[in-house]
Amino acid sequence: MAAEGDVDLDLEAEENCTGKPVEKPRKHDSGAADLERVTDYAEEKEISSSDLETAMSVIGDRRSREQKAKQEREKELAKVTIKKEDVELIMCEMEISRTVAERSLREHMGNVVEALVALTN
């Protein structure tokens, strides 16, 4: 009388009549090879500290220039004189806040028609 393990082995031997071991299907081997190539490339590439410092300084300079330009634009807009009646008109017609109405008027040098056209577009 054979043990259960022996019976299972006999069944496996019957299924594989050629005598060659059964190979498992390889589903993800090509993806793994591609992944290895990608990670190998990333591991070989190093970032030097001088390149990093240069990039950071360029970014910092750009931000400071943008901030300075924004402040200059705000100063120019603050110099534009606008009428209270114009602000009230835009607020009532467009149903927007006072700050948005003032900003639009200042950007269009106090011209009510241009400000309204810009707000409707």
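Here we summarise the structure given alongside this text. Quick caveat, the model's predicted, so the values are computed rather than measured. (Residues numbered from 1 in each chain as written. Predicted model: local features only at pLDDT ≥ 70, side-chain atom pairs only at ≥ 80, totals over all residues. Heavy atoms only, no water.)

**Digging into a nonpolar patch on the surface**
Where we set the bar: Patch building starts from residues that exceed 30% relative accessible area and form no salt bridge, then joins like charges within 9 Å and nonpolar side chains (Val, Leu, Ile, Met, Phe, Trp, Tyr) within 5 Å. Calculation of accessible area relied on Shrake-Rupley with a 1.4 Å probe; when residues are assessed, cover is drawn exclusively from the protein chains displayed. Should a side-chain nitrogen of Lys or Arg be within 4 Å of a carboxyl oxygen of Asp or Glu, the pair is scored as a salt bridge. The cut-offs for exposure are 20% and 50% of the maximum accessible area for each residue type, with area from a 1.4 Å probe on protein chains only; residues under the lower value are buried, those over the upper are exposed, and the others partly exposed.
Taken together, the side chains of I47, L52, M56 and I59 make up a nonpolar region of the molecular surface, amounting to roughly 440 Å² of accessible area. The exposure class assigned to I59 is partly exposed, which follows from its relative accessible area of 40%.

**Description of helix α5 (residues 98-107)**
This is how the line gets drawn: To qualify as a helix, a DSSP run of H or I must reach at least 4 residues; to qualify as a strand, a run of E must reach at least 2; elements of each kind are numbered from the N terminus. Think of it as the arc spanned by the lines of direction from the helix axis to the C-beta atoms. Any two residues having at least one pair of non-hydrogen atoms within 4.5 Å are treated as being in contact.
Considered for burial, the residues of α5 that qualify are A101, S104 and L105. End-on view of α5: buried residues confined to an arc of 100°, all on one side of the axis. Those residues of α5 that are buried lie in contact with α4 (84-94) and α6 (112-120). The first or second residue beyond α5 is M109, which carries a positive phi of 55°.

**As for the environment of S97**
Just so we agree on the cut-off: Throughout this description, a polar contact denotes any pair of N or O atoms lying within 3.5 Å of each other; where both atoms belong to protein, one of them has to be capable of donating a hydrogen while the other can accept it, and for residues adjacent in sequence the pair is counted only when both atoms sit in side chains.
With respect to the helices and strands, S97 occurs in the loop between α4 and α5. Of the residues examined, S97 reaches a relative accessible area of 37% and is grouped as partly exposed. Between the alpha carbons of S97 and V87 there is a distance of 9.6 Å; along the sequence they are ten residues apart. Looking at S97, its side chain comes within polar contact range of the side chain of T99, at 3.2 Å.

**Describing the packing of α5 against α6**
Heads up, the rule is: Axes here mean lines fitted to C-alpha atoms, for a helix over just the part in contact, with angles spanning 0 to 180 degrees between N-to-C directions. Note that the term roughly parallel is reserved for angles under 35 degrees, roughly antiparallel for angles over 145, roughly perpendicular for angles of 65 to 115, and oblique for everything else. For a crossing to be left-handed, the near helix must be turned anticlockwise from the far one by less than a right angle; the clockwise case is right-handed.
Relative to each other, α5 and α6 sit at 120°, their axes nearing to 8 Å. Classified by the interaxial angle, the pair formed by α5 and α6 is oblique. Two packed elements cross with a definite hand, and for α5 against α6 that hand is right-handed. Each of V100, S104 and L105 in α5 lies in contact with α6, whose residues at this interface are V112, A115 and L119.

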